[in-house]
Amino acid sequence: MPILALLLLGGVLAYLYWRRKTTTLTRNCRWREDRQAGDWACAYCGARAQTSTKCLAPKS
């Protein structure tokens, strides 16, 4: 029985570690270019960002 509890604990910890590694920091943001204002606006949260490049995607 203690071995089963340890396996369950290990599985939960592994899941939490995997979830942390695959979660993005962008929430549900959907960026749209606002050409009149010359910046980008998020359709979800309303945040605005200016960038010198044409894209907000992170460089891989």
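Going by the structure above, here's the rest.
Every value quoted in this text rests on a predicted model; they were computed, and no experiment measured them.

Peer 1: Go over the overall build of the protein chain with me, naming the residues and quoting the values.
Peer 2: A tally of helices and strands in the protein chain yields one helix and three strands. When the helices and strands of the protein chain are read in sequence order from the N terminus, they spell out α-β-β-β. Every one of the 60 residues in the protein chain was classed for burial, and the buried ones make up 8%. In the protein chain, once contacts between residues fewer than 6 apart in sequence are set aside, the share between residues at least 24 apart is 3%. If you sum the accessible surface of the protein chain, you get close to 5,700 Å²; carbon and sulfur atoms cover 61% of it.

Peer 1: Lay out the pattern of salt bridges in plain terms, naming residues and giving numbers.
Peer 2: Tallied over the full model, the rule gives three salt bridges. Glu33 is the salt-bridge partner of Arg35, the closest N and O atoms lying 3.5 Å from each other. Of the residues examined, Glu33 reaches a relative accessible area of 38% and is grouped as partly exposed. Ionic pairing is found between Arg48 and Asp39, a salt bridge with its closest N-O pair at 3.0 Å. We classify Arg48 as partly exposed; its relative accessible area is 46%. The network of salt bridges with common partners includes Asp34, Asp39 and Arg48.

Peer 1: Hey, could you go over the pairing of strand 1 (residues 31-34) for me, with residue numbers and the actual values?
Peer 2: Pairing analysis gives four bridges linking strand 1 to strand 2 (residues 39-42), with the strands arranged antiparallel. Looking at strand 2, one finds that Asp34 is bridged to Asp39. Counted along the chain from strand 1 to the antiparallel partner strand 2, the turn is four residues long, and its residue Gly38 has a positive phi close to 75°.

Peer 1: Tell me about the sheet that holds strand 2, and name the residues and values.
Peer 2: Reading across from one edge, 1-2-3 is the order of the three strands in this open sheet, with antiparallel pairing throughout. The outermost strands of the open sheet, each flanked by one partner alone, are strand 1 and strand 3 (48-49). Where strand 2 meets strand 3, two bridges bridge the pair, whose relative direction is antiparallel. Each bridged residue has a counterpart across the sheet, and for Ala41 the counterpart in strand 3 is Arg48.

Reading the values: rules and limits
Residues numbered from 1 in each chain as written. Predicted model: local features only at pLDDT ≥ 70, side-chain atom pairs only at ≥ 80, totals over all residues. Heavy atoms only, no water. Helix = DSSP H or I, 4+ residues; strand = E, 2+ residues; numbered from the N terminus. Buried < 20%, exposed > 50% of the residue type's maximum accessible area, 1.4 Å probe, protein only. Contact = heavy atoms within 4.5 Å. Areas by Shrake-Rupley, 256 points an atom, 1.4 Å probe, with all protein chains shown as cover. Salt bridge = Lys/Arg side-chain N within 4 Å of Asp/Glu carboxyl O. Pairing = 2+ DSSP bridges.

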